[in-house]
Amino acid sequence: MIIRSIYWYFCFAFSLIAQTPRLFIARSKAKKMEQKEFSAYVHGVASKWARGNALRSGAKFNFEGLENIPADEAVLFVSNHQGDFDIAVFLAFLSKPHGYVSKFEILKVPLLRDWMKLMRCIFIDRSNIRQTAGAFVEGVKILKSGHSIVLFPEGTRSKSDKMGEFKAASFKLATKANVPIVPITINGTYKIMEANRKMIKPADVSVKIHAPIRLETVEDLTKLPDQVKTIIESGLEK
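Everything numeric here is computed off the predicted structure, so don't read it as measured data.

**Describing the overall build of the protein**
Argument step 1. Counting secondary structure elements, the protein contains eight helices and seven strands.
Argument step 2. For 238 residues, the compact-globule estimate of 2.2 N^0.38 gives 18 Å, and the C-alpha radius of gyration of the protein, at 17 Å, lies within 12% of that figure.
Argument step 3. In terms of overall dimensions, the protein has a C-alpha envelope of 55 × 50 × 40 Å along the principal axes.
Argument step 4. Looking at the protein residue by residue over its 238 residues, the buried ones come to 49%.
Argument step 5. Considering only contacts in the protein between residues 6 or more positions apart, those separated by 24 or more positions represent 73%.
Argument step 6. Of the accessible surface of the protein, which amounts to about 12,600 Å², a share of 56% is contributed by carbon and sulfur atoms.
Argument step 7. For the protein, the distance from the average position of its 36 positive side-chain charges to the average position of its 23 negative side-chain charges is 8 Å.

Right, dumping it as C-alpha cells:
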C-alpha cells in the first residue's frame, strides 16, 4: 500500500504539471470556439487525466443507469460525497461536460484551479454570504446556458458510507435555472483514500445514476431536498 501510494501521488502531481502546455492551448481555443464546443474539448482533456488517476488507484468501478442522463440539456447532478475520489470518478466516467460546486480554498491550488475555471466550476466561500450568493447566481447562469453542474449538498465529505444532512439552499441552483436534477449514489470511494489515512488502497466503487427529476412534476419544492436524499440513500442499501 505504501509503494502504491507513493506511485499514485507522484503520478498525480507529475501528470497535472504535464498538462500545462494543454492548458495554454485550451486558453487559446477559448477565443476561437463556441462555448459548447470548447466545453467538450476541455472535458475531453480533463476526463482523460482523471481516468488515469482513478485507474492507477487499483479501484474497480461499476456504473448503473448511465442511460438516465439526458443527452441534450443541462442537468444538476446531485450526489452524496464520500471522498476526494468522487470528483475523479465523475470527471473520468461521466461523458457529459460539467463543472462542480467547489469550496473556495481550491483556488489556492495552482493548475488545478485553472482547469476548474475552464470547466466552469463555481467556488463557494462559506464565510462570505455575499460571495456565496454571487456564486450561486453565476451557477444559475451556467446551467441556463446549457452547461451541467455537479453538486454535493452535504457540503463536505462523509468519509464513510453514511450521509450527512442536505443543505436545502443549494437546490436553488436547479429551481432557479429550471433544469432536471439527476440524483447519483456513489459508494466505496472513501475506502480508496480517507479510510486509510490518505494512503491509496484498491476498493470496489459503485455508482448508481437514478432517473432524472423534472421540476414540473414536483408537487412541493420545499420537500425536494428530502426527496432527492431519499433516492440517493436507496442506492446505499445493501
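**A short note on the packing of aromatic side chains**
Argument step 1. This structure, assessed with the given rule, holds nine aromatic pairs.
Argument step 2. For the pair Phe166 and Phe171, a centre-to-centre distance of 6.3 Å together with 25° between the ring planes defines the contact as stacked. The pair Phe166 / Phe171 is uniform in exposure class, with both members buried.
Argument step 3. The lysine or arginine in question, Lys29, covers the ring of Tyr41, its NZ or CZ lying 5.3 Å from the ring centre.

**Some remarks on the sheet that holds strand E3 (residues 98–103)**
Argument step 1. Here we have seven strands laid out as an open sheet, ordered E1-E7-E6-E2-E5-E3-E4, and mixed in their pairing. The strands lining the two open edges of the sheet, one partner per strand, are strand E1 (60–64) and strand E4 (122–124). The mean inter-strand angle of the sheet, taken between neighbouring strand axes irrespective of direction, is 20°.
Argument step 2. When E3 meets strand E5 (residues 148–151), the two strands line up parallel, connected through three bridges. Bridging from a neighbouring strand, Gly99 pairs with Ile149 of E5.

**Details of the packing of helix H3 (residues 35–56) against helix H4 (residues 85–93)**
Argument step 1. It is the contact of H3 with H4, at a shortest axis distance of 7 Å, that shows an interaxial angle of 125°. Taken together, the axis directions place H3 and H4 in an arrangement best described as oblique. Here the hand of the crossing between H3 and H4 comes out left-handed. Counted together, His43, Ala46, Ser47, Ala50, Arg51, Asn53, Ala54 and Leu55 of H3 and Phe85, Ala88, Leu91, Ala92 and Phe93 of H4 form the full contact between these two elements.

**A short note on the environment of Val137**
Argument step 1. Of note, Val137 is situated in helix H6 (residues 129–144).
Argument step 2. Counting along the chain gives 124 residues from Val137 to Ala13, while the straight-line C-alpha distance between them is 33 Å.

**A few points about the pairing of strand E6 (residues 181–187)**
Argument step 1. For E6, a buried count of seven out of seven residues is recorded, marking the element as mostly surrounded by other parts of the structure.
Argument step 2. Of the two faces of E6, both are covered, the one formed by Ile181, Pro183, Thr185 and Asn187 as well as the one formed by Val182, Ile184 and Ile186.
Argument step 3. Sheet analysis places strand E2 (residues 76–79) next to E6, joined by four bridges and oriented parallel. Residue pairing for E6: Val78 is matched across the bridge by Pro183.
Argument step 4. Direction of pairing for E6 relative to strand E7 (residues 204–209): antiparallel, over a ladder of four bridges. Looking at the pairing, Ile184 lines up with Ile209 of E7.

Procedures and definitions
Residues numbered from 1 in each chain as written. Predicted model: local features only at pLDDT ≥ 70, side-chain atom pairs only at ≥ 80, totals over all residues. Heavy atoms only, no water. Helix = DSSP H or I, 4+ residues; strand = E, 2+ residues; numbered from the N terminus. Rg over C-alpha atoms; globule rule 2.2 N^0.38 Å. Buried < 20%, exposed > 50% of the residue type's maximum accessible area, 1.4 Å probe, protein only. Contact = heavy atoms within 4.5 Å. Areas by Shrake-Rupley, 256 points an atom, 1.4 Å probe, with all protein chains shown as cover. Lys, Arg positive; Asp, Glu negative; His and termini not counted. Charge placed at Lys NZ, Arg CZ, Asp CG, Glu CD. Phe/Tyr/Trp six-rings, centres within 6.5 Å; stacked < 30°, edge-to-face > 60°. Lys NZ or Arg CZ within 6 Å of the ring centre and 35° of its normal. Pairing = 2+ DSSP bridges. Axes fitted to C-alpha atoms, helices over the stretch in contact; angles between N-to-C directions. Parallel < 35°, antiparallel > 145°, perpendicular 65-115°, else oblique. Left-handed = near helix turned anticlockwise from the far one by under 90°.

Just distances and angles here, no functional claims.
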